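# Structure at a glance
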Amino acid sequence: MARYWPEPPYLHDTAARTGILLVNLGTPDAPTAAALRPYLKEFLSDPRVVEIPRLAWWPILNGIILTLRPAASARKYASIWMQEGSPLKVHTERQAALLADHLAQGGHGHVEVEFAMRYGRPSIQDRLQAMRARGCTRILVLPLYPQYSASTTATVTDEVGRSLARMRNQPEIRFVRDFHDDAGYIAALARNVRKYWAAHGEPERLVMSFHGVPRRSLELGDPYYHECTKTGRLLAEALGLPPERALLTFQSRFGKAEWLQPYTQPTLEALAAQGIGRVDVICPGFVADCLETLEEIAMECRDAFLHHGGKAFHYIPCLNERHEWIETLAAIAIDHLGNWLGQARAAETSPPARDARPRKAGAGH
Ligand SMILES: C=CC1=C(C)c2cc3[nH]c(cc4nc(cc5[nH]c(cc1n2)c(C)c5CCC(=O)O)C(CCC(=O)O)=C4C)c(C)c3C=C
Ligand SMILES: [Fe+2]
Ligand SMILES: [Fe+2]
């Protein structure tokens, strides 16, 4: 294998092109055990995701998990699969198209927008090569994770680095690290909830459920927990909810080790047992609906809450293609593209109110 990828032909006398690469986690190609196996293998072999020494993890992964989990997960995926494919991929692809439209309307039509999946397809390597072939010499990588975590955000950076290591003529790269306290993101979440409540009434409790990570990662310095708690506090404040009405929980525990607490499903069961009739659940850490929201929350957690005596369970969908979210995504991208957009052009075409707004929604923790 050659050390470097072949270079696309040199484009003479063309302006430097700028691109944005949106990245989300990844998903299988089909809701089948055969498609789940390579996806889970790639995902769970990443040492950023499972931090157990390789020698101990390899037999567990290959001997147990990749034997049992593909079929079980495939059944869950089948229950949420859309006509066009996996919800995570469908929403991410639509977000990329809407972002490109929004940028074009704001006078930034020259910026290319692509999307990639960290595990599965389209891969980061494939999309970066395609952008380079179209002449992009400046690429902003925007992982679609509002809260930074080593198991998500950092793996994107790692993978981009591996791609760069194969390129002779490397593009200039920028990364968005997180947007957990971005004013537009918090406002988009709050508006999503308010709209939902205007149509369906208000619950006794709002549960804000984030994807979990092993508790050990917090002890080792991963800021994820702190960023989730800040997002939760800012969202509750934006909605004017007192702390006792807005609860923060962590879902999707994997394996036997302790993960971040409180866990979502036991919390919902306890609320039902305490006589709370209606809860609404929102998942602010996911900007696109996926298996973890549509199946784990909207199906499994709903069943658990009702089974324990709850009366009404509402799942509030993710930001997906909401206009406020696409506007926010564009604002985050424009901030990070900065001088790549050309200063005169940016000043002339960006709406002043959006550019002048404070990006941080709140100070402190
Ligand atoms: C094994 C450890 C896992 C860690 C750590 C983890 C962190 C983490 N994941 C997301 C977002 C998503 N995870 C999704 C699915 C998923 N996650 C794990 C495991 C860990 N995640 C597995 C094994 C799976 C696959 C499904 C299954 O078999 O249960 C998804 C959904 C993908 C989809 O196709 O819909 C998302 C999104 C975050 C944000 C995170 C840490 C902060
Ligand atoms: Fe996950
Ligand atoms: Fe899950």
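Residues numbered from 1 in each chain as written. Chains lettered and ligands numbered in written order. Predicted model: local features only at pLDDT ≥ 70, side-chain atom pairs only at ≥ 80, totals over all residues.

Labelled according to an unreviewed UniProt entry, the protein chain appears under the name Ferrochelatase, originating from Thauera linaloolentis. Of the comments in the UniProt record for the protein chain, the one headed Pathway (unreviewed entry) reads "Porphyrin-containing compound metabolism; protoheme biosynthesis; protoheme from protoporphyrin-IX: step 1/1." (UniProt positions renumbered as here; feature names shortened; annotations may be inferred.)

A separate point is the overall build of the protein chain. Regarding its fold elements, the protein chain presents 13 helices and 8 strands. Compactness check: the protein chain gives a C-alpha radius of gyration of 21 Å against a globular reference of 21 Å for 365 residues, within 12% of the reference. The dimensions of the protein chain, computed from C-alpha atoms along their principal axes, are 70 × 55 × 40 Å. (Helix = DSSP H or I, 4+ residues; strand = E, 2+ residues; numbered from the N terminus. Rg over C-alpha atoms; globule rule 2.2 N^0.38 Å.)

A few words on the UniProt feature "binding site: Fe(2+)" (unreviewed entry) in the protein chain. In the numbering used here, UniProt assigns the feature "binding site: Fe(2+)" (unreviewed entry) to His211 and Glu292. Their sequence span is 82 residues, while the largest C-alpha to C-alpha distance among them is just 8.0 Å; these annotated residues converge on one region. As for its position among the elements, His211 is in strand β5 (residues 205-211). Taking the C-beta count within 10 Å as the criterion, His211 has 26 such neighbours and is therefore assigned buried. Excluding its chain neighbours within four sequence positions, the residues that come into contact with His211 are Gln251, Ser252, Gly285 and Glu292. (Buried ≥ 20, exposed ≤ 12 C-beta atoms within 10 Å, placed from the backbone. Contact = placed C-beta atoms within 7 Å.)

Further remarks concern the nonpolar core. Counting 86 residues, the largest nonpolar core has Leu21, Val23, Leu142 and Ala333 as its most contacted members. Looking at this core element by element, the count peaks at 9 residues for helix α11 (residues 323-337). Both domains that furnish three or more residues to this core are identified here as domain 1 (17-178 + 328-356) and domain 2 (183-316). Leave out the neighbours within four places in its chain, and Val23 touches Ala116, Arg118, Ile124, Val141, Leu142, Pro143, Leu144 and Val156. (Core = buried A, V, L, I, M, F, W, Y, C linked by C-beta atoms within 7 Å. Domains from an automatic or database assignment.)

Moving on: the domain arrangement of the protein chain. Domain boundaries in the protein chain define domain 1 (17-178 + 328-356) and domain 2 (183-316). For domain 1 versus domain 2, the distance between C-alpha centres works out to 24 Å. In this assembly, 20 residues from domain 1 lie in contact with 21 residues from domain 2. Those elements giving two or more residues to the side of domain 1 that touches domain 2 turn out to be α2 (54-78), α3 (87-105) and α11. Residue classes in the side of domain 1 that touches domain 2 are distributed as 9 nonpolar, 9 polar and 2 charged. (Nonpolar A, V, L, I, M, F, W, Y, C, P; charged D, E, K, R; others polar.)

Right, let's talk about the sheet that holds strand β1 (residues 17-26) for a bit. Spatially, β2-β1-β3-β4 is the arrangement adopted by the 4 strands of the open sheet, whose pairing is parallel. Of all the strands in the sheet, the pair left with one neighbour each is β2 (111-119) and β4 (172-175). On average, each strand axis in the sheet is tilted by 25° relative to the strand beside it, whichever way the strands run. Judged from the 7 bridges that link them, β1 and strand β3 (residues 136-143) form a sheet pairing that is parallel. (Pairing = 2+ DSSP bridges. Axes fitted to C-alpha atoms, helices over the stretch in contact; angles between N-to-C directions.)

What follows concerns unusual backbone geometry. Of the consecutive residues Arg121 and Pro122, the connecting peptide bond is found in the cis state with omega at -5°. Mapped onto the elements of the fold, Pro122 is located in the loop between β2 and α4 (124-133). The peptide bond linking Gln261 to Pro262 adopts the cis configuration, its omega dihedral lying at 0°. Despite not being glycine, Asn320 has its phi angle at roughly 40°, a positive value. Checked against the element boundaries, Asn320 lands in the loop between β8 (312-316) and α11.

Quick look at the site of ligand 1 now. Around ligand 1, a shell composed of 23 residues is seen, among which Thr27, Ser73, His211, Cys290 and Leu291 lie nearest. By residue class, the composition of the shell around ligand 1 is 12 nonpolar, 9 polar and 2 charged. Taken domain by domain, the makeup of the shell around ligand 1 includes at least three residues from each of domain 1 (17-178 + 328-356) and domain 2 (183-316). (Near = placed C-beta within 6 Å.)

Time to look at the pairing of β3. Along β3, 6 of the 8 residues are buried, which leaves the element largely enclosed by surrounding structure. Where β3 and β4 come together, 4 bridges link them in parallel fashion. Residue Arg138 lies in a different strand from β4, and its bridge partner there is Glu172. Traced from β3 through helix α5 (residues 153-164) to β4, the parallel crossover comes out right-handed. (Right-handed = clockwise from strand over helix to strand, strands pointing away.)

Okay, the environment of Ser209 next. Its place among the elements puts Ser209 in strand β5. Residue classification places Ser209 among the buried residues on the basis of 30 C-beta atoms within 10 Å. Spatially, the C-alpha atom of Ser209 lies 8.6 Å from that of Tyr263, the residues being 54 residues apart in sequence.

Our focus in this paragraph is helix α6 (residues 183-200). The end-to-end C-alpha distance of α6 is 26 Å, a good match for the 26 Å that 18 residues give at a rise of 1.5 Å each. Those residues of α6 lying buried are Gly184, Tyr185, Ile186, Ala188, Leu189, Asn192 and Val193. Among the structural elements, α8 (224-239), β7 (278-282), β8 and α11 are those in contact with the buried residues of α6. (Expected span 1.5 Å × (residues − 1).)

As a further point, take the pairing of strand β6 (residues 246-251). With 5 of its 6 residues buried, β6 lies for the most part within the structure. Where β5 lies against β6, 6 bridges are found, and the strand directions are parallel. Bridge pairing in β6 places Val207 opposite Leu247.

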